[in-house]
Amino acid sequence: MRRRISPDVPGLSPELLARFVAQSKPLAPPSAVPESSHADQLTGLRMPFRDGGSDTAEQRAQVRHNAADELHPTADGTYRADKQTFTAHVDRDGTVHLKDKLGNLDIQDHLMLAFGIDPYAGAKLAFLDRTRDQRAALGAVRIHELLSHSAELMLQNINHLWAVTPD
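Cut-offs and rules
Residues numbered from 1 in each chain as written. Predicted model: local features only at pLDDT ≥ 70, side-chain atom pairs only at ≥ 80, totals over all residues. Heavy atoms only, no water. Helix = DSSP H or I, 4+ residues; strand = E, 2+ residues; numbered from the N terminus. Buried < 20%, exposed > 50% of the residue type's maximum accessible area, 1.4 Å probe, protein only. Contact = heavy atoms within 4.5 Å. Areas by Shrake-Rupley, 256 points an atom, 1.4 Å probe, with all protein chains shown as cover. Core = buried A, V, L, I, M, F, W, Y, C linked by side-chain atoms within 4.5 Å. Lys, Arg positive; Asp, Glu negative; His and termini not counted. Salt bridge = Lys/Arg side-chain N within 4 Å of Asp/Glu carboxyl O. Pairing = 2+ DSSP bridges. Axes fitted to C-alpha atoms, helices over the stretch in contact; angles between N-to-C directions.

(A) Highlighting the overall build of the protein. Secondary structure assignment for the protein yields seven helices and six strands. When the 167 residues of the protein are sorted by exposure, 22% land in the buried category. Long-range contacts, defined here as pairs at least 24 residues apart, represent 50% of the contacts in the protein between residues at least 6 apart. Of the roughly 11,200 Å² that the protein leaves accessible, carbon and sulfur atoms contribute 58%.

Here's what the structure looks like:
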């Protein structure tokens, strides 16, 4: 099964690769997950209300409108939200990185920080709640992208393994 690509770099035989590709199933597209490059599609996702009551069409529209103002796409495929007290950077997989704007702190905020209390925890949690569905959709799209390239990654990893494994 093993063949050498060059005198010192082993590789996989073409027969093994052909069998692997023939027996691999194609990756199914994610169901109802919008493209990550279309921010307006991401904001169309329904956001649940946490008060236990039923939500009206007007409430859902207001939440979608608020969420549309939350995440702004950047050139590298990530998203950014600039709030009065913090900045949020959302990675392509939906992971959020929050950074406080220290210039906007008053004396009470400085005292809270000195005692280990985040003065903007409520605003940050509200932001995370409002953008949860959009970030989950981003994560699903990213996982689909990675899984669609899994055969290539597997081949690269196996070739590296063969290259570093002594005969």
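Following the structure, the description resumes.
(B) The arrangement of the environment of proline 119 in detail. Among the secondary structure elements, proline 119 is positioned in the loop between helix 4 (107-114) and helix 5 (121-130). It is 5.6 Å that separates the C-alpha atoms of proline 119 and aspartate 109, two residues lying 10 residues apart in sequence.

(C) Region of interest: the nonpolar core. By size, the foremost hydrophobic cluster in this structure holds nine residues: Leu71, Tyr79, Ala81, Phe86, Ala88, Val90, Val96, Phe127 and Leu138. In this view, alanine 81 contacts Glu70, Leu71, Phe86, Thr87, Ala88 and Phe127; residues no more than four positions away in its chain are not counted.

(D) Main features of the side chain of arginine 135. Within the element layout of this structure, arginine 135 appears in helix 6 (residues 132-148). Here arginine 135 occupies a buried position and makes no salt bridge, while the nearest side chain of opposite charge, aspartate 129, is found at 6.5 Å. Contact partners of arginine 135, with chain neighbours within four places excluded, come to Val90, Asp93, Gly94, Val96 and Leu128.

(E) A look at the pairing of strand 6 (residues 96-100). Across five bridges, the pairing between strand 5 (residues 86-90) and strand 6 is antiparallel. Across the sheet, valine 90 pairs through a bridge with valine 96, a residue of strand 6. Connecting strand 5 to the antiparallel partner strand 6 that follows it, the hairpin turn spans five residues, and glycine 94 within it adopts a positive phi of roughly 95°.

(F) Quick peek at the sheet that holds strand 4 (residues 79-82). With respect to topology, four strands assemble into an open sheet ordered 3-4-5-6, the strand pairing being antiparallel. In this open sheet, the two edge strands, each paired with only one partner strand, are strand 3 (72-73) and strand 6. Bridge count between strand 4 and strand 5: four bridges; the pairing is antiparallel. Bridge assignment links aspartate 82 to a residue of strand 5, and that residue is threonine 87. Lying on the sheet, helix 5 is in contact with strand 4, strand 5 and strand 6; it crosses strand 6 at an angle near 155°.

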